[in-house]
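So you can see what is in the structure, the chains are spelled out below.
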Amino acid sequence: CRRGEREPQRRDEEQGERGREKQSWRGMSSQQEGGRVDLMQLPPQQLQEIKQSLEAQIEQFTINFNDLQMAIQGFHSSGLAIEDLSKQQEGKEVLVPLTASLYVSGTMGDPDKVMVDIGTGYYVEKKAEGGIDYCKRKVTLLSESLTSLAEIIKQKRQQVQTCQQVFEMKMKQFQQQEAQAQSANQVG
């Protein structure tokens, strides 16, 4: 029973840490929107932590950006392949790829019917035009997401730059204060 009593306390502590982290991020975004938290009020260590966290987010968003680009290229290629297949004749001998380097011979079925992967292992039979339209819609949707993600990455980079500038300003102020303290000690 004691172990069970400790678990909620640990969860509360973790949630408290997450809450403080969220407040920092809210402050960062609200600061840029005309906001509530002045970065100049934060200690240099916290500025560095925020900067590191922002850089980690940028890295993850960049990976997602590259994945989206690959998905767009895949759907574009699939649309072109469906277009090409729809022009073929039924009964034609073809090579069917099983892997990137393994092909088996086969015979073309109805070129106007295609199987479209709609995600999570589900396939739907569509007419060729429907398959091409599906691929075009996916390219459009993913391109919009790509544009949004590019804007987020841009904003995060600006936030990193702002953190770095404030950090450098604070370090310069600290060095000036240290120099003044040393000169005051030498005079006295």
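Note that the coordinates shown come from a computational prediction; the quantities given were computed from them, not determined experimentally. (Residues numbered from 1 in each chain as written. Predicted model: local features only at pLDDT ≥ 70, side-chain atom pairs only at ≥ 80, totals over all residues. Heavy atoms only, no water.)

A. Geometry of the pattern of salt bridges. All chains considered together, the criterion is met by three salt bridges. Between K51 and E55 there is a salt bridge, with the nearest N and O atoms lying 3.6 Å from each other. Taken together, the residues span about one helical turn, with K51 and E55 both in helix α2 (residues 44-86) at a distance of four residues. Here K51 falls in the buried class, since its relative accessible area comes to 16%. Classification of E55 as partly exposed rests on a relative accessible area of 37%. D112 serves as the salt-bridge partner of K127, at 3.9 Å between the closest nitrogen and oxygen. Pair noted here: K127 is in strand β4 (residues 122-127) and D112 is in the loop between β2 (103-107) and β3 (113-119), with a separation of 15 residues, a long-range link. D112 sits in the partly exposed class, given a relative accessible area of 33%. (Salt bridge = Lys/Arg side-chain N within 4 Å of Asp/Glu carboxyl O. Helix = DSSP H or I, 4+ residues; strand = E, 2+ residues; numbered from the N terminus. Buried < 20%, exposed > 50% of the residue type's maximum accessible area, 1.4 Å probe, protein only.)

B. Spotlight on the pairing of β2. With five bridges connecting them, strand β1 (residues 93-97) and β2 associate as antiparallel partners. In the sheet register, E93 faces β2, and the bridge partner there is T107. Counted along the chain from β1 to the antiparallel partner β2, the turn is five residues long. (Pairing = 2+ DSSP bridges.)

C. Expanded view of α2. Taking 1.5 Å per residue as the helical rise, α2 with its 43 residues ought to reach 63 Å, and the 63 Å between its terminal C-alpha atoms agrees with that figure. Regarding α2, the residues found buried are L47, I50, K51, L54, I58, F65, L68, I72, G79 and I82. (Expected span 1.5 Å × (residues − 1).)

D. Representation of unusual backbone geometry in the model. Non-glycine residue T120 carries a positive phi angle of around 45 degrees. Tracing the backbone shows T120 in the loop between β3 and β4. Relative accessible area serves as the criterion here: at 76%, T120 is assigned to the exposed category.

E. Representation of the confidence of the model for the protein chain in the model. Averaged over every residue, the pLDDT of the protein chain is 83; the share at 70 or more is 80%. Overall, residues 1-35 carries pLDDT values under 50, and its contacts beyond four positions in sequence, including any with other chains, amount to 20 contacts. (pLDDT = per-residue confidence, 0-100. Contact = heavy atoms within 4.5 Å.)

F. Spotlight on the environment of M171. Along the chain, M171 falls in helix α3 (residues 128-187). The exposure class assigned to M171 is partly exposed, which follows from its relative accessible area of 28%. Measuring from C-alpha to C-alpha, the distance between M171 and P44 comes to 7.5 Å, with 127 residues separating the pair along the chain.

G. Summary view of the packing of aromatic side chains. Following the criterion strictly, the structure yields one aromatic pair and no others. A ring pair is formed by F75 and Y134, whose centres lie 6.2 Å apart and whose planes are at 70 degrees; its orientation type is edge-to-face. Taken together, the residues span a long stretch of sequence, with F75 in helix α2 and Y134 in helix α3 at a distance of 59 residues. The class for Y134 is buried, based on a relative accessible area of 11%. (Phe/Tyr/Trp six-rings, centres within 6.5 Å; stacked < 30°, edge-to-face > 60°.)

H. Structural context of the environment of T140. Along the chain, T140 falls in helix α3. Separated by 65 residues in the primary sequence, T140 and F75 place their C-alpha atoms 10.0 Å from one another.

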